[in-house]
Amino acid sequence: MSGQTAAKAMVAATARLRAAGVPDPARDARLLLAHAARIEASRVTLIAPEDLAPEIAERYDQLISLRAIRVPVSHLVGERDFYGRRFKVSGEVLDPRPETETLIEAALSAPFDHVLDLGVGSGAILVTLLAERPSATGLGVDLSEAACLQASANAVLHRVGARADIRRSDWFEAVEGRFDLIVSNPPYIALSEMDALAPEVRQHEPELALTDGGDGLGAYRHIAAGAPDYLLPGGRLLVEIGPTQAQAVSRLFQAAGLSGLRVIPDLDGRDRVVVAYLPR
Ligand SMILES: C[S@@+](CC[C@H](N)C(=O)[O-])C[C@H]1O[C@@H](n2cnc3c(N)ncnc32)[C@H](O)[C@@H]1O
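Being a predicted model, the structure only gives us computed values, none of them experimental.

Overview of the overall build of the protein chain
The number of helices and strands found in the protein chain is 12 helices and 9 strands. The C-alpha radius of gyration computed for the protein chain amounts to 21 Å, which stays within 12% of the reference 19 Å derived for 280 residues, consistent with globular compactness. If one aligns the C-alpha atoms of the protein chain with their principal axes, the spans along those axes are about 70 × 40 × 30 Å. In the protein chain, which comprises 280 residues, the share counted as buried stands at 50%. Considering only intrachain contacts with a sequence separation of at least 6, the fraction spanning at least 24 residues in the protein chain is 64%. For the protein chain, the exposed area adds up to about 12900 Å²; of that, 52% sits on carbon and sulfur atoms. Distance between charge centroids for the protein chain: 4 Å, based on 29 positive and 37 negative side chains.

A short note on the site of the ligand
The local shell around the ligand holds 18 residues, among which Gly119, Asp142, Asp170, Trp171 and Asn185 are the closest. Within the backbone of leucine 143, a nitrogen or oxygen atom sits 3.2 Å from a nitrogen atom of the ligand. Asparagine 185 places a polar side-chain atom, nitrogen or oxygen, 2.9 Å from an oxygen atom of the ligand. Considering the ligand on its own, with 600 Å² of exposed area, one finds that the protein chains cover 95% of that surface. Residue composition of the shell around the ligand, by class: 10 nonpolar, 6 polar and 2 charged.

Considering the UniProt feature "domain: Release factor glutamine methyltransferase N-terminal" (unreviewed entry) in the protein chain
This chain's UniProt record puts "domain: Release factor glutamine methyltransferase N-terminal" (unreviewed entry) on residues 10–78. Across residues 10–78 one finds 68% helix and 0% strand; the C-alpha atoms that close the span lie 21 Å apart.

Comments concerning the UniProt feature "domain: Methyltransferase small" (unreviewed entry) in the protein chain
Taking the numbering used here, the UniProt-annotated feature "domain: Methyltransferase small" (unreviewed entry) corresponds to residues 100–193. End-to-end, the C-alpha atoms of residues 100–193 are 20 Å apart, and along that stretch the chain is 32% helix and 23% strand.

Digging into the packing of helix α2 (residues 25–37) against helix α4 (residues 54–68)
The axes of two packed helices give the description: the angle between them and the distance between them. Relative to each other, α2 and α4 sit at 140°, their axes nearing to 9 Å. Considering the angle they form, α2 stands oblique to α4. Pair α2 / α4 crosses with right-handed handedness. Mapping the contact onto sequence places Asp28, Ala29, Leu32, Leu33, His35, Ala36 and Ala37 in α2 and Ile56, Arg59, Tyr60, Leu63, Ile64 and Arg67 in α4.

Quick word on helix α7 (residues 124–132)
Most of α7 is tucked away: 7 of the 9 residues are buried. Buried within α7 are the following residues: Ala124, Ile125, Leu126, Val127, Thr128, Leu129 and Leu130.

Some words on the nonpolar core
If you look at the biggest cluster of nonpolar residues, it comprises 33 residues, and the most contacted ones within it are Ile182, Leu237, Val239 and Phe253. Contributing elements (two or more residues each) for this core: β3 (114–118), β4 (137–142), β6 (179–184), α11 (218–230), β7 (231–240), α12 (246–255) and β9 (271–277). No other element matches α11, which puts 6 residues into this core. Contacts of phenylalanine 253, omitting those with residues within four sequence positions, involve Tyr220, Ile223, Ala224, Leu237, Val239, Leu258, Leu261, Val274 and Ala276. Counting 29 residues, the second largest nonpolar core, distinct from the first, contains Leu108, Phe112, Leu181 and Val183.

Conventions we followed
Residues numbered from 1 in each chain as written. Predicted model: local features only at pLDDT ≥ 70, side-chain atom pairs only at ≥ 80, totals over all residues. Heavy atoms only, no water. Helix = DSSP H or I, 4+ residues; strand = E, 2+ residues; numbered from the N terminus. Rg over C-alpha atoms; globule rule 2.2 N^0.38 Å. Buried < 20%, exposed > 50% of the residue type's maximum accessible area, 1.4 Å probe, protein only. Contact = heavy atoms within 4.5 Å. Areas by Shrake-Rupley, 256 points an atom, 1.4 Å probe, with all protein chains shown as cover. Lys, Arg positive; Asp, Glu negative; His and termini not counted. Charge placed at Lys NZ, Arg CZ, Asp CG, Glu CD. Near = heavy atom within 4 Å. Polar contact = N/O pair within 3.5 Å; in protein donor to acceptor, adjacent residues only side chain to side chain. Nonpolar A, V, L, I, M, F, W, Y, C, P; charged D, E, K, R; others polar. UniProt positions renumbered as here; feature names shortened; annotations may be inferred. Axes fitted to C-alpha atoms, helices over the stretch in contact; angles between N-to-C directions. Parallel < 35°, antiparallel > 145°, perpendicular 65-115°, else oblique. Left-handed = near helix turned anticlockwise from the far one by under 90°. Core = buried A, V, L, I, M, F, W, Y, C linked by side-chain atoms within 4.5 Å.

See the structure below:
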């Protein structure tokens with residue numbers, strides 16, 4: 001790609017990505033050019049008429065080759081934006097998703113002081129909640145050691161490290177105390193649905209973050225069984241769900257003695273969050 005303008009390189013890269021079946025090739029070609037040139041994406045237009053320096057062209061070519069085999073953009077640039085903050089990500093944690101912002105909005109719609117995040121992953125949920133509520137403290141747990149390290153790094157990056165306790169735990173196993181808010185975005189894809197996922201997800205995100213290896217409700221059964229022992233009276237439980245799981249998850253929570261059940265849709269109108277309370 002050397003010896004050509006940034007604009008021409010982007011056009012060629014877009015064509016390569018389109019041929020590889022990448023869903024939004026022009027956007028990705030632009031983001032990756034910004035990353036190769038070490039500039040903000042908003043400045044790409046400014047360098048469009050300029051010739052690309054050979055080292056930038058070479059970096060860009062490598063990035064486009066990797067994107068063409070469906071490595072996610074976030075893994076190539078090592079970060080992803082979530083609720084207005086930039087999180088470090090890698091192939092070892094789930095990429096924070098925009099639909100998870102629905103859970104953040106719901107959590108922030110009422111007061112809380114002490115929050116537990118089950119399956120903390122990159123830390124997107126816990127770190128965001130602590131950053132938005134400067135008086136709150138929190139515990140984040142994950143079965144994956146790599147996720148715990150990533151969440152700790154993001155907690156430090158966003159200056160909530162002193163208020164965030166992050167530890168390895170199989171759901172509630174290493175959790176002590178009670179919380180006025182428990183949140184979770186657990187793995188909720190059924191094993192039978194895994195083959196239908198986009199290559200970016202199926203091949204590049206950790207299986208532990210995606211599926212319970214069964215019907216997709218396994219994590220909710222653990223959460224329903226444990227929540228009453230870890231919520232304060234009147235405390236809230238908020239979980240993200242797949243769009244078809246609202247009824248099944250609500251039933252599990254009701255059967256566990258939780259009340260005040262509510263389902264909140266995401267911005268696309270799909271069921272996305274189930275809320276429940278421990279009776280006072
Ligand atoms: C869908 S990801 C969510 C990550 C992050 N909270 C987010 O919303 O971006 C689910 C997380 O649950 C973790 N997990 C899976 N099984 C677990 C278990 N038995 N105990 C604790 N965490 C678990 C995975 O490692 C993964 O980080």
